[in-house]
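These are the residues of each chain, in order.
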Amino acid sequence: MLALEEKIIKEGTVLPGDILKVDCFLNHRIDVPFLLEMGKEIAALYENQGVSKILTIETSGIPIAFAAAQFMNVPVIFAKKDKSGNISDKVYSSRVESFTRKNVYDAVVSKEYLGKGDKILVIDDFLAKGNALTGLIDIINQAGAELIGCAIAIEKGFQGGGDELRATGIRVDSLAVIETMTDDSLTFRK
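As the structure is a computational prediction, the values presented were derived from the model and not from experiment. Counting starts from 1 at the beginning of each chain's written sequence and moves along it residue by residue. Local features in this predicted model are restricted to residues whose pLDDT is 70 or higher, and side-chain atom pairs enter the listing and the counts only when it is 80 or higher, whereas totals over whole chains, interfaces and linings include all residues. As a convention, hydrogens and water are excluded, and side-chain values are obtained from all of the structure's heavy atoms.

Report on the environment of Lys-21, specifying residues and quantitative values.
In this description a helix means any DSSP run of H or I spanning at least four residues, a strand means any run of E spanning at least two, and both kinds are numbered starting from the N terminus. Along the chain, Lys-21 falls in strand S2 (residues 19-21). The exposure class assigned to Lys-21 is partly exposed, which follows from its relative accessible area of 37%. In sequence terms Lys-21 and Ile-8 are 13 residues apart; their C-alpha atoms lie 8.9 Å from each other. Whether two residues touch is decided by their heavy atoms; if any such pair falls within 4.5 Å, the residues are in contact. Once you skip the residues sitting within four places of it in the chain, Lys-21 turns out to touch Glu-11, Gly-12, Thr-13 and Leu-15. Exposed residues in this analysis have more than 50% of their type's maximum accessible area, buried residues have under 20%, and partly exposed residues fall in between, with area computed by a 1.4 Å probe over protein chains only.

Next comes the structure, spelled out in structure tokens:
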């Protein structure tokens, strides 16, 4: 999505440690009209694929998933990063290592919202090593649901997670793929 690449160049900041700061429009302050355009783009990619639900992980994936769901007319489920008191004991759970936060957590989804017959589109804001997606795919498999594909706002292609998933036959569509990133510049995959 050329508009996303342009927005990353104009408003994003590259930080040391392979961190791309886009919190000015994507995951702290949200540019709603732009996010809706991203959602429309994702919906077009998965049109006629039979998606019945969108699955994401809290917190930054939720706005993008919501935007896509608006155009796909399907519900959004988000995995919580640890089981809280308001979730029943009947959950699907998967261990996930966070690249950005440098920690490990349990992603959980209540069994009442995901099951056999569901056709799932996974959506997230970033794809680096693929750990969050792998955890969500594990949850989909536990539920006996069908993974239709994964839609990502920004993929750090140089970290290999997306290419590894694609090599296993999983459909991964990223709106922007960063091919290289240094402490002061980045290039996009064409």
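Describe the environment of Thr-134, naming the residues involved and giving the relevant values.
With respect to the helices and strands, the residue Thr-134 is situated in helix H5 (residues 131-143). Along the backbone, Thr-134 and Ala-3 are 131 residues apart, and their C-alpha atoms lie at a distance of 28 Å. As used in this structure description, the phrase polar contact means that two N or O atoms lie within 3.5 Å; if the pair is within protein, one of them must be able to donate a hydrogen and the other to accept it, and residues adjacent in sequence are counted only when both atoms belong to side chains. Reaching out from Thr-134, the side chain makes a polar contact with the backbone oxygen of Gly-130 at a distance of 2.8 Å.

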